[in-house]
Amino acid sequence: MKNFKYYAPTKVVFGKDSELSVAELIKDFGGNKVLLHYGGKSAEKSGLLNKIENCLQNAGIEYVKLGGVVPNPRLSMVRTGIEICKKENIDFLLAVGGGSVIDSCKAISSGRFFDGDVWDLYLKKTRAEKYLPIGCVLTIPAAGSEMSDGSVITNEEGWLKKDYCVDDFRCKFAIMNPELTYTLPAWQTSCGVTDMMMHTFERYFSKDDDMEITNSIAEALLRTVMSEAHKVLKNPTDYNSRAQIMWAGSLAHNDLTGCGTTGDWATHCLEHELSGLFDVSHGAGLAAIWGSWARYCRCENMKQFARFAVNVMQVNNVGSDEELAELGIRAMEEFFHSIGMPTNIKELIGRDITDEEIELMADKCSDGGTSTIGGLKVLTKNDMISIYKMAR
Ligand code: NZQ
Ligand code: ZN
């Protein structure tokens, strides 16, 4: 097993009515004036926003509201948030929503005390030194941003989608009440399930094969999420299933399933170009590309793909590693279809993708052919083009 560091400092408050502890938690972490950041309509419609505002008012915590974060959160909103924080002397950021709202908060946090342009942080030209603290009330289990160190932002100028990762981005607290996810449309539930599975895959399919505890945790997580997903799609108010999925989403991306592995992350890099260019849901984009990535890269660790087929997809353990690997990938694609996810780009965007669009995505993904992605197999721009073509 490789040496590793594991850092998961977020205080998790999980379960029914957990959102009622929001004011106390903000105070515990030193917040006096809060930016209350949220998305489109869902938190207003469900009454959650109102509930949070009441909690803040009753505790005498001042706040300024900034709603309207869209999926694939935009840089322009981040800039607005930074201005508000400076003008209003905000000292704590509260995200009420999913990965997009939390990521927008993280970007605002990094830009608050930074003298330069916040986008330069995402271009990895430099790093910020001081950050505003963040807490969140999670409404969709998916991106895992509530416990991760990452933030992914889309710059409308050129539709560039980039990430910036730093431990200061880890939320001080994450409030998770599975009941808050009852209102999720089936599509969003499935996108979320796909994303958390993929966060596990990105760590599971790596070059190292000697981390049994990590492998076993990952496999249990994947099996649980798959069986609970079908239950939740049949019965969206099944508390127990919603709870399993919600906790799995955090565990899939707080690095627990990656201890002692190098990880891959190529599927995520390839997907960020898809959602950057076509503004599709991140989870669906991952489902559309994964099978092609897996077939292109499985030779690098066929044994692990065969193990996945048997231990996760319950494929009969008969045949060569290569045969088992293919059966496992096929079974995974069948699962994606069973929860309404696409397994190629045409199903994702509703039309054929052009060669020019593939070239553009590969070019952005490889910084004009100068950088590579992937840990299992290192992928150059030409490899990226091949995978996009396999997935078209
Ligand atoms: O805007 P509202 O009206 O709230 O609607 C949202 C949105 O349309 C809706 N929704 C959320 N909670 C709901 C609800 N609808 C009904 N009831 C509820 N309880 O769901 C839609 C999607 O929300 P979003 O926050 O975009 O979803 P998700 O959590 O999947 O976040 C996706 C973003 O996270 C990034 C993705 O790239 C994407 O931009 N990621 C962030 C990561 C990180 N920070 O560590 C890692 C991931 O790999 C990912 O890249
Ligand atoms: Zn993801």
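Every chain's residues receive numbers from 1 upward, in the order its sequence appears when written. Chains carry letters and ligands carry numbers; both start at the beginning, A for chains and 1 for ligands, and go up in the order they are written. Only residues with pLDDT of at least 70 get local features here, since the model is predicted, and only at 80 or more are side-chain atom pairs given and counted; chain-wide, interface and lining totals rely on the full set of residues. Note that water and hydrogens are dropped before the side-chain values are worked out from all heavy atoms of the structure.

Visitor: Describe the state of the cysteines, naming the residues involved and giving the relevant values.
Guide: Only a pair of cysteine sulfur atoms within 2.5 Å qualifies as a disulfide here. Taken as a whole and assessed by the stated rule, the structure comprises zero disulfides. Free of any disulfide, Cys 165 has its nearest neighbouring cysteine sulfur in Cys 269, separated by 10 Å. Between buried and exposed lies partly exposed: a residue is buried under 20% and exposed over 50% of the maximum accessible area for its type, with that area taken using a 1.4 Å probe on protein chains only. In this structure Cys 165 comes out as partly exposed when scored by relative accessible area, which is 32%. In this structure Cys 191 is a free cysteine whose sulfur lies 19 Å from that of Cys 269, the closest cysteine sulfur available. A relative accessible area of 4% means that Cys 191 is categorised as buried.

Visitor: Can you explain the environment of Met 226? Please cite residues and give values.
Guide: Looking at the secondary structure, you find Met 226 in helix α8 (residues 212-234). Judged by its relative accessible area of 11%, Met 226 falls in the buried class. Taking the C-alpha atoms as reference points, Met 226 and Leu 123, separated by 103 residues in sequence, lie 35 Å from one another. Contact partners of Met 226, with chain neighbours within four places excluded, come to Met 197, Val 312, Met 313 and Phe 335. Going along the chain from the N terminus, every DSSP run of H or I of four or more residues is numbered as a helix, and every run of E of two or more is numbered as a strand. Contact criterion: two residues are considered in contact whenever any of their non-hydrogen atoms come within 4.5 Å of each other.

Visitor: Account for the pairing of strand β7 (residues 160-165), with residues named and values stated.
Guide: Between any two strands, pairing holds if DSSP finds at least two bridges. Where strand β6 (residues 150-155) and β7 come together, six bridges link them in antiparallel fashion. By the bridge assignment for β7, Gly 150 is matched with Cys 165. Where β6 hands over to β7, the hairpin turn is made up of four residues, of which Gly 158 adopts a positive phi near 95°.

Visitor: Help me get a handle on the pattern of salt bridges, residues and values and all.
Guide: Here, a salt bridge means any Lys or Arg side-chain nitrogen found within 4 Å of an Asp or Glu carboxyl oxygen. What the rule picks out here adds up to 27 salt bridges. In this structure, Arg 170 and Asp 149 form a salt bridge, with 3.9 Å as the shortest nitrogen-oxygen distance. Remark: Asp 149 occurs in the loop between β5 (134-138) and β6 and Arg 170 occurs in the loop between β7 and β8 (173-176); sequence separation between them is 21 residues. Accessibility expressed as a relative area gives 25% for Asp 149, which makes it partly exposed. Where Arg 330 meets Glu 326, a salt bridge forms, and the shortest distance between an N and an O atom there is 3.1 Å. One end of the pair, Arg 330, and the other, Glu 326, are both in helix α13 (residues 321-338), four residues apart, so they sit about a helical turn from each other. Judged by relative accessible area, which is 43%, Arg 330 ranks as partly exposed.

Visitor: An account of the domain arrangement of the protein is requested, with residue identities and associated values reported.
Guide: If you check the domain split of the protein, you get domain 1 (11-180) and domain 2 (184-390). In this structure, domain 1 and domain 2 have C-alpha centres spaced 26 Å apart. Residue-level contacts link 28 residues of domain 1 with 25 residues of domain 2. Between domain 1 and domain 2 lies a buried interface of about 2200 Å² when both sides are counted; carbon and sulfur atoms form 60% of it. One can count three salt bridges joining domain 1 with domain 2. Asp 255 is paired through a salt bridge with Arg 170; the nearest N and O atoms lie 3.4 Å apart. Throughout this description, a polar contact denotes any pair of N or O atoms lying within 3.5 Å of each other; where both atoms belong to protein, one of them has to be capable of donating a hydrogen while the other can accept it, and for residues adjacent in sequence the pair is counted only when both atoms sit in side chains. Summed over the shared surface of domain 1 and domain 2, the number is nine residue pairs in polar contact (both at pLDDT 80 or more). Per the annotation, domain bounds derive from an automatic or database assignment of domains. Buried area is calculated as the accessible area (1.4 Å probe) missing from two parts once they are joined, with the contributions of both summed.

Visitor: Just give me the short version of the coordination of the zinc ion (ligand 2), but keep the residues and values in it.
Guide: Six octahedral donors around a metal ideally subtend angles of 90 or 180 degrees, whereas four tetrahedral donors ideally subtend 109.5 degrees. Metal donors: N, O and S atoms at distances within 2.8 Å, or within 3.2 Å for Na, K and Ca, with water omitted from the atom set so that some sites may seem incomplete. Surrounding the zinc ion (ligand 2) are the protein donor atoms Asp 195 (OD), His 199 (NE2), His 268 (NE2) and His 282 (NE2), which sit 2.0 to 2.2 Å from the metal. Spacing between the donor residues of the zinc ion (ligand 2) along the chain follows D-x3-H-x68-H-x13-H. Of this pair, Asp 195 and His 199 are both found in helix α7 (residues 186-204), four residues apart, which corresponds to roughly one turn of the helix. Pair check on accessibility: Asp 195 and His 199 agree, each one buried.

Visitor: Break down the layout of surface pockets for me, with residues and values.
Guide: One simple way to see leftover space: roll a probe sized like a water molecule over the atoms. Buried and open spaces are told apart on a 1 Å grid over the protein atoms alone, a cavity being a set of points where a 1.4 Å probe fits but cannot get out and a pocket being an open set with protein on both sides within 12 Å along at least five of seven lines. Residues with an atom within 4 Å of a point are the lining residues. Grid points are joined across faces, edges and corners, and a volume is the space filled by probe spheres set on the points. Roughly 220 Å³ of volume is contained in the second largest pocket. What lines the second largest pocket is simply Phe 4, Lys 5, Arg 203, Asp 255, Gly 258, Cys 259, Gly 260, Thr 261, Thr 262, Gly 263 and Trp 265.

Visitor: Please set out helix α12 (residues 302-311) residue by residue, giving values where relevant.
Guide: For α12, the buried fraction is high: seven of the ten residues fall into the buried class. Residues of α12 that are buried make contact with α7, α8, α11 (282-297) and α13.

Visitor: Can you lay out the packing of α11 against helix α16 (residues 381-390) for me, pointing to particular residues and giving the numbers?
Guide: Where helices are involved, their axes are fitted lines through C-alpha atoms of the stretch in contact, as for all axes, and angles between N-to-C directions lie from 0 to 180°. Here α11 crosses α16 at 125°, and the two axes come no closer than 8 Å. Judged on the interaxial angle alone, α16 and α11 are oblique. Crossing geometry of α11 relative to α16 is assigned as right-handed. Facing Ile 289, Ser 292, Trp 293, Arg 295 and Tyr 296 of α11, the residues of α16 in contact are Asp 383, Ser 386, Ile 387, Tyr 388 and Met 390. Classification used: nonpolar for Ala, Val, Leu, Ile, Met, Phe, Trp, Tyr, Cys and Pro, charged for Asp, Glu, Lys and Arg, polar for all others including Gly. The residue makeup of the contact of α11 with α16, split by class, is six nonpolar, two polar and two charged. Should an angle fall under 35 degrees it is taken as roughly parallel, and over 145 as roughly antiparallel, whereas 65 to 115 is taken as roughly perpendicular and any remaining angle as oblique. Here a crossing is taken to be left-handed if its near helix is turned anticlockwise relative to the far helix by less than a right angle, and right-handed if that turn runs clockwise.

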